[in-house]
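# Structural description and commentary
Residues per chain are reported as follows:
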Amino acid sequence: MTKTKFTREEALAFHLDPTPGKWEVQATVPMTTQRDLSLAYSPGVAVPCEEIAANPELAYDYTNKGNLVAVISNGTAVLGLGNLGALGGKPVMEGKSVLFKRFADVNSIDIELDTEDPEEFIKACKLMGPTFGGINLEDIKAPECFIIEQRLKEEMDIPVFHDDQHGTAVICAAGLINALHLSGKKIEDVRIVLNGAGAAGIACLELLKSMGARHDNCIMCDTKGVIYQGRTEGMNQWKSAHAANTKLRTLEEAMVGADVFLGVSAKGAVTQDMVKSMADNPVIFAMANPDPEITPEEAHEVRVDAIVATGRSDYPNQVNNVLGFPYLFRGALDIHARAINDEMKIACANALAELAREDVPDEVALAYGKSLTFGRDYIIPTPFDPRLIHRIPPAVARAGMDTGAARRPIIDMEAYEAGLRGRMDPTASVLRGINNRARAAQSRMIFAEGDDPRVLRAAVMYQRNGFGKAIVVGREADVKEKLEASGLADAVREIKVVNAANTEHLETYKEFLYQRLQRKGYDRQDVHRLAARDRHVFAALMLAHGHGDGLITGATRKSAHVLEAINHVFDADTQHGAAGVTALMHKGRIVLITDTLVHEWPEEEDLANIAERAAGIARHLGLEPRVAFVSFSTFGYPVSERASKMHRAPVILDQRGVDFEYEGEMTVDVALNRKAQESYPFQRLTGPANILVVPARHSASISVKLMQEMAGATVIGPILAGIDSSIQICSTTMTANDILNMAVLAACKVG
């Protein structure tokens, strides 16, 4: 990982273009007709108003209160910049709102209050209480932040959370759980030294004490040294609560024999001599930003046994608040919580710690440019781990329900977790069903390219997720080396590795292949080379002989080459009706586009076959097929010879009497827009199409890549359909998780 670099001009341009600021408001209901207006506003809006007035709890059902958080600040402690004022802090608050939405699908509005008077601030927040499901306090200087948060928690019936305090504390606690796990120590036994007695520091120590750290083992320091019982200089009630009965007076003295150092203070506050004096396997969380109290390099130079975390993204083990606050509020909002209590914060910390101990998804490793496995340099999950959304909020929600903080407990936690998966990952609703079918099928999956780390990770995940047995084609030594390099050394014993040298079936494979190819210009030597040296052909031969139930290939070679290799063993070509179908998922919609793999320029018969293949895949994915044959013309206008085949293909389906909806030719907007379809009352689709059959493979490829790059659509496929066995061809740009998804499709025989 490297530190992100940018100029002031780039930062300003980012906040200026394409529109000033970082978020906008979008309506969730139609506002196109007079009837829409009447329902959304007067007189229709009177009905929910009356219901809520009679029962305030219904505000969570009829308004956005239940998914709306206010990010409120007065700008008196903006990042590390100090008191910039309410307006100066607005870009940060906008950014916080964006993070809420990006990471947990929580709607958020930033509010900047132009006052430094705690009483005025408290009054303003209380008056806005009915609007929001929760309040996130941000960038308020100490000690006012303590006063404001405590009063609001006492006087409001919605969660009030000062992230600068508790967000840091939760992530710090999660990292410490794992650091102590690695060093073989217990929280109740370790000596903890904290430097920085501000909002974050005090919250860190309070949370750790509630988790079992003993008061007598904790030393808090500030700029004047140790906070000890009897000290009067620079004290307040919040520091006094953590005053220690000790003769230690300086940070240097306190560090001698300490097991844990927590820093939320300033650059350079810790020296190498201090680190040397710490106990064995010291834990050092140097969280000062932008520069830590001591850098990991400096700490490791004198103590190779140290576990070091910082607040920076260019070092391992970043203590990043975005791992906490979005998911804490997500869980709290979903139970209509009255507060976020200590038990909910501890549950969040424990869930984060558990997640870090599990295998890391490939897309996370790809995002950070390195393999991440649990250990001294990976004790805290990364912010882009896709599992956070469905692992952390349920833990928070359970803790809230167990402690009586929930107004509306979650009855079906499994359904709740599934809903969270779908909330952030548009593939989840589709993949959930086929995952269940794949686990039931327990297919033996052949992974043809065992020399690729992504393929190996997918194979390991396939087996460990309970989908079935993974069979990898490759050399044992090579597979072992790459698994170890990927941090999966323990998987060497789990997966089966097969190659031409260790199989007893090679001669059978060669004879089968010779019978298929002898009249196509191949002699026995050619066949031997194909069967023994081409992994794609070898893997296909395994599948053809029942030595596996599905095949995944194509991650290392262009699809045309792989398809040609497979066609030596199976009839995977245009003459036998094979087709490639790609699923696009965007803003809650799923559309299949064909043919993205096999047919370069299909004619009308081919197009009809492709439509049938796609309809079958749609049903496998839980969709009722609605096929549109798309072109640049709609029902004969404008007239074009190139569009005529798209007009003739539906006629062929008429003759076949297929059992799904289809229509064409039509432009894409007519195919996907119900209003546009109403302009053609004779057309047969009952709703927007979910399958687009396009005129040629280049059209399909352009459409898919354009939607992926410009609109951010999620892509699954291409899915190979129309051959006798279950084979899926990956693309060379796929991650291990993408390859796993293709394996799950193959296990379910989608296609």
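Residues numbered from 1 in each chain as written. Predicted model: local features only at pLDDT ≥ 70, side-chain atom pairs only at ≥ 80, totals over all residues. Heavy atoms only, no water.

In the nomenclature of an unreviewed UniProt entry, the protein chain is known as NADP-dependent malic enzyme of Alloyangia mangrovi.

Now for the domain arrangement of the protein chain. How big an interface is tends to be stated in terms of the accessible area lost upon association of its parts. By the assigned domains, the protein chain splits into domain 1 (64-158), domain 2 (184-316), domain 3 (322-423), domain 4 (436-568) and domain 5 (578-722). A C-alpha centroid distance of 56 Å is found between domain 1 and domain 4. (Domains from an automatic or database assignment.)

This next bit is on the pattern of salt bridges. Any two side chains of opposite charge can pair, on the condition that their charged atoms come close. One pass over the full model with this rule turns up 45 salt bridges. Ionic pairing is found between Arg-407 and Glu-57, a salt bridge with its closest N-O pair at 3.3 Å. Of this pair, Arg-407 sits in the loop between helix H18 (388-402) and helix H19 (413-424) while Glu-57 sits in the loop between helix H3 (46-54) and helix H4 (59-62); the two residues are 350 residues apart in sequence, bridging distant segments of the chain. By relative accessible area, which is 28% here, Glu-57 ends up partly exposed. The partner of Arg-464 in a salt bridge is Glu-494, and the shortest N-O contact between them spans 2.9 Å. Note that Arg-464 is positioned in helix H21 (residues 453-464) and Glu-494 in the loop between helix H22 (476-485) and strand E13 (496-498), a separation of 30 residues in sequence. (Salt bridge = Lys/Arg side-chain N within 4 Å of Asp/Glu carboxyl O. Helix = DSSP H or I, 4+ residues; strand = E, 2+ residues; numbered from the N terminus. Buried < 20%, exposed > 50% of the residue type's maximum accessible area, 1.4 Å probe, protein only.)

Turning our attention to the UniProt feature "binding site: a divalent metal cation" (unreviewed entry) in the protein chain. Here the UniProt feature "binding site: a divalent metal cation" (unreviewed entry) sits at Glu-138, Asp-139, Asp-164 and Asn-289. Setting aside residues up to four positions removed in sequence, Glu-138 forms contacts with Val-71, Ile-72, Ser-73, Met-93, Lys-96, His-162, Asp-163 and Asp-164. At 2.4 Å, the side chain of Glu-138 and the side chain of Lys-96 are in polar contact. Take Asp-164: it is sitting in helix H9 (residues 163-183). A relative accessible area of 22% means that Asp-164 is categorised as partly exposed. Side-chain polar atoms of Asp-164 contact the backbone nitrogen of Asp-139, separated by 2.6 Å. (UniProt positions renumbered as here; feature names shortened; annotations may be inferred. Contact = heavy atoms within 4.5 Å. Polar contact = N/O pair within 3.5 Å; in protein donor to acceptor, adjacent residues only side chain to side chain.)

What follows covers the UniProt feature "domain: Malic enzyme N-terminal" (unreviewed entry) in the protein chain. The feature "domain: Malic enzyme N-terminal" (unreviewed entry), as given by UniProt, occupies residues 20-153 in the numbering adopted here. Here residues 20-153 runs as 45% helix and 12% strand, with 34 Å between its end C-alpha atoms.

Here we take up a nonpolar patch on the surface. Together, Val-29, Met-31, Leu-37 and Tyr-41 make up a nonpolar patch on the protein surface, roughly 420 Å² of accessible area in all. If you trace the backbone, Met-31 turns up in the loop between helix H1 (8-16) and helix H2 (34-40). A relative accessible area of 46% places Met-31 in the partly exposed class. (Patch = residues over 30% accessible without salt bridge, like charges linked within 9 Å, V, L, I, M, F, W, Y side chains within 5 Å. Areas by Shrake-Rupley, 256 points an atom, 1.4 Å probe, with all protein chains shown as cover.)

Under the criterion given, the structure shown has eleven aromatic pairs. Taking the centre distance of 5.9 Å and the plane angle of 70° together, the rings of Phe-447 and Tyr-462 count as edge-to-face. Here the residue Phe-447 occupies a position in strand E11 (residues 445-447), and Tyr-462 occupies one in helix H21, the gap between them amounting to 15 residues. Plain terms: the ring middles of Phe-660 and Tyr-662 are 6.1 Å apart, the flat faces sit at 70° to each other, and that makes the pair edge-to-face. Note on accessibility: Phe-660 and Tyr-662 belong to one class, buried. Above the plane of the ring of Phe-103 lies Arg-102, whose end atom (NZ or CZ) is 4.8 Å from the centre. Above the plane of the ring of Tyr-514 lies Arg-524, whose end atom (NZ or CZ) is 4.0 Å from the centre. (Phe/Tyr/Trp six-rings, centres within 6.5 Å; stacked < 30°, edge-to-face > 60°. Lys NZ or Arg CZ within 6 Å of the ring centre and 35° of its normal.)

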